[in-house]
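Spelled out from the first residue to the last, the chains are:
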Amino acid sequence: MRPFDPRLLRTAPAARRPVTVLAVVGVLQGLATIGLAVALTALVVAVVEGMPVGPSALWLAGLFGARAALAWVAERVAAWAGLEVTAELRERLLARWLASPAEDRPDPDRAVTLAAQGAASVEPYVARFLPALVAGVVVPVLALATLLWVDWVSALIVALTLPLLPFFAALIGTATRAETERRWAALSSLSGHFLDVMRGLPTLVGYGRAERQVDVIGEVSQQHRRATMSTLRLAFTSSAALELLASISVAIVAVTVGLRLTHGSMTLQAGLLAILLAPEAYWPIRRVGAEFHAAADGAEAIDGILAELAEPDDSSRRVRTWPLGQPRPHSPGGGAPDEVGVRLVRAAYTYPGADAPALTSVSLDAGPGLTAVTGPSGVGKSTLLELAAGLRTPTAGTVRAGRAHLVTQRPFLPAGTLRDALTLGNGADDQALWDALRLVGLEGFVAGLSRALGTPLGDDGFGLSAGQRARVALARAALSTAPVLLVDEPTAHLDEDAAALVHDVLVELGERRTVLAVTHRPELVERADRHVVLTHEGAEVLR
Ligand SMILES: Nc1ncnc2c1ncn2[C@@H]1O[C@H](COP(=O)(O)OP(=O)(O)OP(=O)(O)O)[C@@H](O)[C@H]1O
């Protein structure tokens, strides 16, 4: 692990200010520590020699106060810096992944590990390790310079023994590296397993196989525990080794000072100051060693995150890049911003690692109005919508589409209120929300809830039926200002009456926008302006 990776400050500019403040506070803390040793010596000498103690006592109290205040500031700034960096790295990762075609994104388990635990482990690195590193560089230099001025013999002993600490720390660090990598791999595999089990839980419960997963999760957790314990063992042993080395070095200084004091070849002032200053040269380096282990995970994660954020070699595949939370500068799928339709010319798509293409040479031209897309299961209908939405880049041919809103077969509904699920954080007034709910036939249902739009929903829309979830997703599509709506099997979970209502909504939306709806329902095909049948050979436009 590199002690400090400057790429971090380049990638997370928000961290620059807090990290600079941390460095300045670290230098001030070092000066206060040296000042404290000088003031304490002056006070003791004044007491011993019967001189007035007032001035040195005042200096001592003032410096104690200043050091306490600086420690408080350092703690606050470190916490602030940790949060800033973690938040910025997460935001950048999400922005990068959202701006990349699906095939360029990492596996979900790696993405979860990087953005969740990975970014979180950067916090102790920034909040604890970096301040320790600043102190580790500044304080020993200041202490050594003062020692040289006070007593060159003590300075020589410290100068000779001090480099042993970072040397041993580096030796131990090299041994820890493999352990840290093992722990990181164990964590990634645990996340992957956990994610897979959570995804497959309904199926596993359905087949009565959920219990078996307890053992699998148990075994992976044990691997993680063993890796963590061996890292901890190493951390404790290395701390003890550095502690011992520093204690022996301070003892050598103390013994030589004591001998010279006894022989009268040294003044009490110089001797006391040397004994007080010697430990100050060692402790910051010991602290770096101690914080190193807490930071090792963070440094490993930073490597992974920075690699993920690094510019890709093939920038032509990066079809859409825009800052998070800002409107897209150009529409997905390579279309112009004002385009209102979807146009595919001999578009093909092969999933990464797949042998056969999921979509072969599809050409279609869908302008404003409702276009029904039908075809046998697995023919590539969902893939077609993802291409039109710009989530994937075609492996051959071209796709042009206006700004699109995609309603997938399993629409994402965040945990929060019904209002959150409808707006997804975009501003829309309540009147617009009620209009959209009326459109999809949910107005009466929501009005009947005691907290109406403020009704809390669980993860994935928990608390709503499958049909209600589909209609909330459709209301969200109606609320969006995108000129192109892409809808994947909107009536899959609905009974005849509810399906008829959704069909009305799609027809109505089609009067104002381009609606591409994948469906199995002949009633919707009947009412559509265009009908495209997807086959394994391409697309056949029937109407
Ligand atoms: N992420 C993926 N990785 C690899 N292959 C995939 C992936 N998603 C889909 N496929 C494959 O691509 C083909 C087209 O899938 P797609 O989901 O687009 O079909 P579909 O027509 O929408 O099917 P259905 O009507 O059952 O929803 C299928 O053979 C499927 O197995």
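As the structure is a prediction and not an experimental result, all values here were calculated from the model. (Residues numbered from 1 in each chain as written. Predicted model: local features only at pLDDT ≥ 70, side-chain atom pairs only at ≥ 80, totals over all residues. Heavy atoms only, no water.)

Visitor: Please clarify how the overall build of the chain should be interpreted in this entry.
Guide: If you tally the helices and strands in the chain, you get 15 helices and 11 strands. A compact globule built from 543 residues would reach a C-alpha radius of gyration of about 24 Å, whereas the chain, at 33 Å, exceeds it by more than 25%. Principal-axis analysis of the C-alpha atoms gives the chain an extent of 110 × 50 × 45 Å. Expressed as a percentage of its 543 residues, the buried residues of the chain come to 46%. The long-range fraction of contacts in the chain, counting pairs at least 24 apart against all pairs at least 6 apart in sequence, stands at 77%. Summing over all exposed atoms, the chain offers an accessible surface of approximately 26500 Å²; the carbon and sulfur share of this is 62%. (Helix = DSSP H or I, 4+ residues; strand = E, 2+ residues; numbered from the N terminus. Rg over C-alpha atoms; globule rule 2.2 N^0.38 Å. Buried < 20%, exposed > 50% of the residue type's maximum accessible area, 1.4 Å probe, protein only. Contact = heavy atoms within 4.5 Å. Areas by Shrake-Rupley, 256 points an atom, 1.4 Å probe, with all protein chains shown as cover.)

Visitor: Please clarify how the pairing of strand β3 (residues 369-374) should be interpreted in this entry.
Guide: Within a regular strand, the side chains alternate between the two sheet faces. Most of β3 sits inside the fold, with six of its six residues counted as buried. Residue alternation in β3 divides its side chains into two sets, G369, T371 and V373 and L370, A372 and T374, and both sets are buried. Bridging between β3 and strand β9 (residues 514-518) involves five bridges; their strand directions are parallel. When the bridges of β9 are listed, L370 appears paired with V515. Pairing analysis gives four bridges linking β3 to strand β10 (residues 530-535), with the strands arranged parallel. (Pairing = 2+ DSSP bridges.)

Visitor: Mind showing me how you'd approach the UniProt feature "transmembrane region" (unreviewed entry) in the chain here?
Guide: Here the UniProt-annotated "transmembrane region" (unreviewed entry) positions come out as residues 21-45, 57-74, 129-150, 156-175 and 234-259. Secondary structure across residues 234-259 divides into 100% helix and 0% strand, with the first and last C-alpha atoms of the span separated by 38 Å. (UniProt positions renumbered as here; feature names shortened; annotations may be inferred.)

Visitor: Help me understand the packing of helix α5 (residues 152-161) against helix α7 (residues 210-262), please; the structure alone is not making it clear to me.
Guide: To characterise two packed helices, one gives the angle between the axes of the helices and the distance between these axes. Between α5 and α7, the shortest axis-to-axis distance is 10 Å and the interhelical angle comes to 165°. Regarding the angle of α5 to α7, the classification is roughly antiparallel. When you trace α5 past α7, the crossing you get is right-handed. Judged by residue contacts, V153, S154, I157, V158 and T161 of α5 engage S249, I252, V253, T256, V257 and R260 from α7. Tallied by class, the residues present in the contact of α5 with α7 amount to six nonpolar, four polar and one charged. (Axes fitted to C-alpha atoms, helices over the stretch in contact; angles between N-to-C directions. Parallel < 35°, antiparallel > 145°, perpendicular 65-115°, else oblique. Left-handed = near helix turned anticlockwise from the far one by under 90°. Nonpolar A, V, L, I, M, F, W, Y, C, P; charged D, E, K, R; others polar.)

Visitor: Even after reading the chapter, I still don't get unusual backbone geometry, so can you show me in this structure?
Guide: Only a minority of non-glycine residues have a phi that is not negative, and only a minority of peptide bonds are not trans. One non-glycine residue with positive phi stands out, namely R346, at about 45°. Tracing the sequence through the fold places R346 in strand β1 (residues 342-349). With relative accessibility at 56%, the residue R346 sits in the exposed group. Backbone geometry places E489, a non-glycine residue, at a positive phi of 45°. If you trace the backbone, E489 turns up in the loop between β8 (484-488) and α14 (496-512). Residue class for E489 comes out buried when judged on its relative accessible area of 12%.

Visitor: Quick question: what am I supposed to make of the pattern of salt bridges here?
Guide: Side chains that differ in charge, positive against negative, can pair when their charged atoms come close. Evaluated as defined, the whole model comprises 11 salt bridges. Ionic pairing is found between D435 and R438, a salt bridge with its closest N-O pair at 3.3 Å. With D435 and R438 both in helix α11 (residues 430-439) and three residues apart, this pair spans about one turn of that helix. With a relative accessible area of 44%, R438 lands in the partly exposed category. The closest approach of N and O atoms between E443 and R438, which form a salt bridge, is 3.2 Å. In this structure E443 comes out as partly exposed when scored by relative accessible area, which is 28%. (Salt bridge = Lys/Arg side-chain N within 4 Å of Asp/Glu carboxyl O.)

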